[in-house]
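# Working through the structure, step by step
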Amino acid sequence: MTEVDVHQHLWTPSLVAALRSRREPPYLDGWTLFLDGEPPYEVPPADHDVARRTELAAADGLGRALVSLSAPIGVEWLPAAEARPLLDAYHEGAAALPEPFGAWAAACVREIDAGVLADDLDQGFVGLQLPANALADADGYARCAPLLELLEERGLPLFVHPGPAAAGGAGVPGWWPALVPYVQQMHSAWFAFRAFGRPRHPRLRVCFALLAGLAPLHGERLAARGGGQEAADRDVFVETSSYGGGAVGAVVGALGAGAVVLGTDRPYAGPPEQAGFGLGEAAAHAFRVTNPRRLLTGRR
């Protein structure tokens, strides 16, 4: 009966130190984050205080909170020699987090190495997170195939999260990356999985962040343009971060309640005011307990 949040971020001291050791994006100067394509961001230190976040998870009623590397930072897209120290720092810190935290592993997508991922997964990670812009087309699935085949072999899930945002022009507001390139990436990733991912990986369980950018709501247009009807796939999930009852209810209408899992994106957003997003106690139980268990274990 454990309640699970599949999508949180928590930067441990080892990751913070690794980011501060760099002088090119991505890097931290104190608590100011510098990325390509986004304005400098002042990171509130309290957001990544482990004791405080442990208390928040308890207040949220969570038995498990799954953290992942913040893919928009762009670590996964760095050359392997640059990515590896950051990935090692992330895995070291995440693996040592106290209860109720668990974590998704991360991997370099510039130079694929399934053997390194296998060693990382051996530390007890629940599955693998990859940036959505690494899985946006057939070439992306061909490149990442060794990683996804390893997940299938081990019966572990994939979590698809927005990757780095494209550089914005002058005057672009601070909310632009989260509302435009992140959503576009998730929209592309949803349909790329349908076209290229599922045929290559028939046993893979996958969860798409932020309701897959609301891509599931385009089923009618897909059918109208020759893509056929959206077939039910009990091993595909979407998580709810940053959305409310209107969007969640619409996606439930398109995919069914069995496809939705709770994700908050803490510390960037919090849990919904209503556990079931206004859809009732049965929906709340499905989103927080039943569906996350199926995603993580494959048990129905």
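Now for a look at the structure at hand. Quick caveat: nothing in here was measured; it's all calculated off a predicted structure.

## Overview of the overall build of the protein
The number of helices and strands found in the protein is 10 helices and 11 strands. Its C-alpha atoms give the protein a radius of gyration of 18 Å, near enough to 19 Å, the size a compact globule of 300 residues would have. Split into buried and exposed, the 300 residues of the protein put 51% on the buried side. When contacts within the protein are restricted to residue pairs at least 6 apart in sequence, those whose partners lie at least 24 apart make up 73%. Per element, the accessible surface of the protein, about 12,700 Å² overall, is 53% carbon and sulfur. On the protein, the mean spot of the 24 positive side-chain charges and the mean spot of the 34 negative ones are 6 Å from each other.

## Section: helix α4 (residues 114–121)
Buried within α4 are the following residues: L117, A118, D120 and L121. One face of α4 carries all of its buried residues, which in axial projection span an arc of 160°. Each element contacted by the buried residues of α4 is listed here: α3 (80–95), β7 (128–131) and α5 (138–154). Of the residues that open α4, the one with a side-chain oxygen 3.0 Å from the backbone nitrogen of G115 is D113.

## Digging into the sheet that holds strand β4 (residues 38–42)
With antiparallel pairing, the three strands of this open sheet are ordered in space as β2-β3-β4. Pairing within the sheet leaves two strands with one partner each, and these edge strands are β2 (27–29) and β4. For this sheet, the mean inter-axis angle between neighbouring strands, taken without regard to orientation, is 25°. With three bridges connecting them, strand β3 (residues 32–35) and β4 associate as antiparallel partners. Bridge pairing in β4 links T32 to E42.

## Here's the deal with the pattern of salt bridges
Under the counting rule described, the total for this entry stands at seven salt bridges. Salt-bridge contacts for R22 lead to E82; the nearest nitrogen and oxygen are separated by 3.1 Å. Remark: E82 occurs in helix α3 and R22 occurs in the loop between α1 (13–20) and β2; sequence separation between them is 60 residues. Given the relative accessible area of 12%, R22 is considered buried. Of the charged contacts, one joins R198 and D233 as a salt bridge, the two residues approaching to 2.8 Å between their closest N and O atoms. On the criterion of sequence distance, the pair formed by R198 in helix α7 (residues 181–200) and D233 in the loop between α8 (219–224) and β10 (236–239) is long-range, its members being 35 residues apart. For R198, a relative accessible area of 16% puts it in the buried group. The structure contains a network of salt bridges with shared partners spanning R84, D88 and D120.

## Topic: unusual backbone geometry
Residue P26 follows P25 across a cis peptide bond; omega there is 0°. Residue position: P26 is located in the loop between α1 and β2. Of the consecutive residues R266 and P267, the connecting peptide bond is found in the cis state with omega at 10°. Within the secondary structure layout, P267 lies in the loop between β11 (260–261) and α10 (281–297). A positive phi is found at L210, a non-glycine position, where the angle reads about 40°. Within the secondary structure, L210 sits in the loop between β9 (206–208) and α8. Even without being glycine, D265 reaches a positive phi, approximately 70°. What makes D265 buried here is its relative accessible area of 14%.

## Some words on the sheet that holds β11
What the five strands build is an open sheet, ordered β7-β8-β9-β10-β11; its pairing is parallel. Two strands in the sheet have a free side with no partner beyond their single neighbour: β7 and β11. As defined by bridge partners, β9 adjoins β10 across three bridges and the pair is classed as parallel. Along β10, the bridge assignment pairs C207 with F237.

## Details of the pairing of strand β5 (residues 64–67)
Across three bridges, the pairing between strand β1 (residues 4–8) and β5 is parallel. Counterpart to D5 in the pairing with β5 is A65. Bridging between β5 and strand β6 (residues 101–103) involves three bridges; their strand directions are parallel. Across the sheet, residue L66 finds its bridge partner in β6, namely G102.

Thresholds applied
- Just so you know, the residues in each chain are numbered from 1, in the order the chain's sequence is written.
- Two thresholds apply to this predicted model, a pLDDT of at least 70 for residue-level local features and 80 or more for giving and counting side-chain atom pairs, whereas whole-chain, interface and lining totals are computed over all residues.
- The side-chain quantities take in all heavy atoms of the structure and omit both hydrogens and water.
- For the purposes of this entry, the term helix denotes a DSSP run of H or I that reaches at least four residues, the term strand denotes a run of E that reaches at least two, and both are numbered from the N terminus.
- Here the globule rule is a power law, 2.2 Å times the number of residues to the power 0.38, and the radius of gyration is based on C-alpha atoms.
- For each residue, the accessible area found with a 1.4 Å probe, counting protein chains only, is set against the maximum for its type, and the residue is called buried under 20%, exposed over 50%, and partly exposed in between.
- Whether two residues are in contact is decided by their heavy atoms, any of which lying within 4.5 Å being enough.
- Residue-level accessible areas treat just the shown protein chains as cover; the underlying method is Shrake-Rupley with a 1.4 Å probe.
- Only four residue types enter the tally: Lys and Arg on the positive side, Asp and Glu on the negative side; His and the chain ends are excluded.
- Think of each charge as sitting on NZ of Lys, CZ of Arg, CG of Asp or CD of Glu.
- Directions from the helix axis toward the C-beta atoms define the arc.
- We call two N or O atoms a polar contact when they sit within 3.5 Å, provided that within protein one can donate a hydrogen and the other can accept it, with sequence-adjacent residues counted only if both atoms are side-chain atoms.
- Only strands that DSSP links by at least two bridges are regarded as paired with each other.
- Here an angle of 0 to 180 degrees is reported between the N-to-C directions of two axes, which are lines fitted to C-alpha atoms, with helices fitted over the stretch in contact.
- Counted as salt bridges are all cases of a side-chain nitrogen of Lys or Arg within 4 Å of a carboxyl oxygen of Asp or Glu.

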